[in-house]
Amino acid sequence: QVQLVESGGGLVQTGENLTLSCAASGRTLVAMGWFRQAPGKEREFVAEINSNGDMTYYADPVRGRFTISRDNAKNTVYLQLSTLKPEDTAFYYCAADRYSGEYRYWGQGTQVTVSS
């Protein structure tokens with residue numbers, strides 16, 4: 001089983017930047033992704049990266065502003081959030097090991113709040 005621990009969330013103002021980290025243990029050479037969930041809304045996809053780190057994909061609302069990356073030597077995946085907007089406010093989750101369209105493992109998440 002893969003264990004994931006997110007960190008780096010916090011309260012920032014509109015236009016500021018933030019970097020989230022997801023430390024993984026176990027079988028870590030797998031695809032990983034970031035999701036977010038705002039109050040009253042369903043969880044939505046944000047970004048993902050393959051096991052090698054040479055392919056990434058982003059949801060339209062964050063494309064061009066967020067960057068997903070990974071350091072396999074450190075077993076860590078990152079999400080760099082730039083030019084944050086209030087609508088980016090959500091609980092952000094790290095996920096690992098996508099299989100048949102579903103991620104098998106999830107972290108507990110970290111809160112990102114963007115004030116106007």
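Owing to the predicted nature of the structure, the values given are computational and were not obtained by experimental measurement.

Chemist: What is the right way to look at the sheet that holds strand 3 (residues 18-25) in this model?
Modeler: One key point about sheets: their strands pair by backbone hydrogen bonds, in either a parallel or an antiparallel sense. Pairing in this open sheet of four strands is antiparallel, and the strands run 1-3-8-7 from one edge to the other. In the strand order of this sheet, the two ends are held by strand 1 (3-7) and strand 7 (66-71), each with one partner. Here the strands of the sheet are splayed against their neighbours by 15 degrees on average, with no regard to which way each runs. Of the pairings in the sheet, the one linking strand 3 to strand 8 (residues 76-81) comprises six bridges and is antiparallel in character. Considered in strand 8, the bridge of Ser21 is made with Tyr78.

Chemist: Where do I start with empty space enclosed by the protein in this structure?
Modeler: The gaps of empty space that remain are located by a probe, the size of a water molecule, rolled over the atoms. Counting across every chain of the model gives one cavity of 30 Å³ or more. When its volume is computed, the largest cavity comes out at roughly 40 Å³. Looking at the largest cavity, the residues that line it are Ala24, Thr28, Met32, Arg70, Asp71, Asn72, Asn75, Thr76 and Val77. Among the secondary structure elements, those contributing two or more residues to the lining of the largest cavity are strand 7 and strand 8. Of the residues belonging to the lining of the largest cavity, the class tally is three nonpolar, four polar and two charged.

Here is what the cut-offs are and how they apply
- Residues numbered from 1 in each chain as written.
- Predicted model: local features only at pLDDT ≥ 70, side-chain atom pairs only at ≥ 80, totals over all residues.
- Heavy atoms only, no water.
- Pairing = 2+ DSSP bridges.
- Helix = DSSP H or I, 4+ residues; strand = E, 2+ residues; numbered from the N terminus.
- Axes fitted to C-alpha atoms, helices over the stretch in contact; angles between N-to-C directions.
- 1 Å grid on protein atoms, 1.4 Å probe; cavity = no way out; pocket = protein on both sides within 12 Å on 5 of 7 lines; lining within 4 Å.
- Points joined across faces, edges and corners; volume = space filled by probe spheres on them.
- Nonpolar A, V, L, I, M, F, W, Y, C, P; charged D, E, K, R; others polar.

Read these as spatial facts, not as claims about activity.
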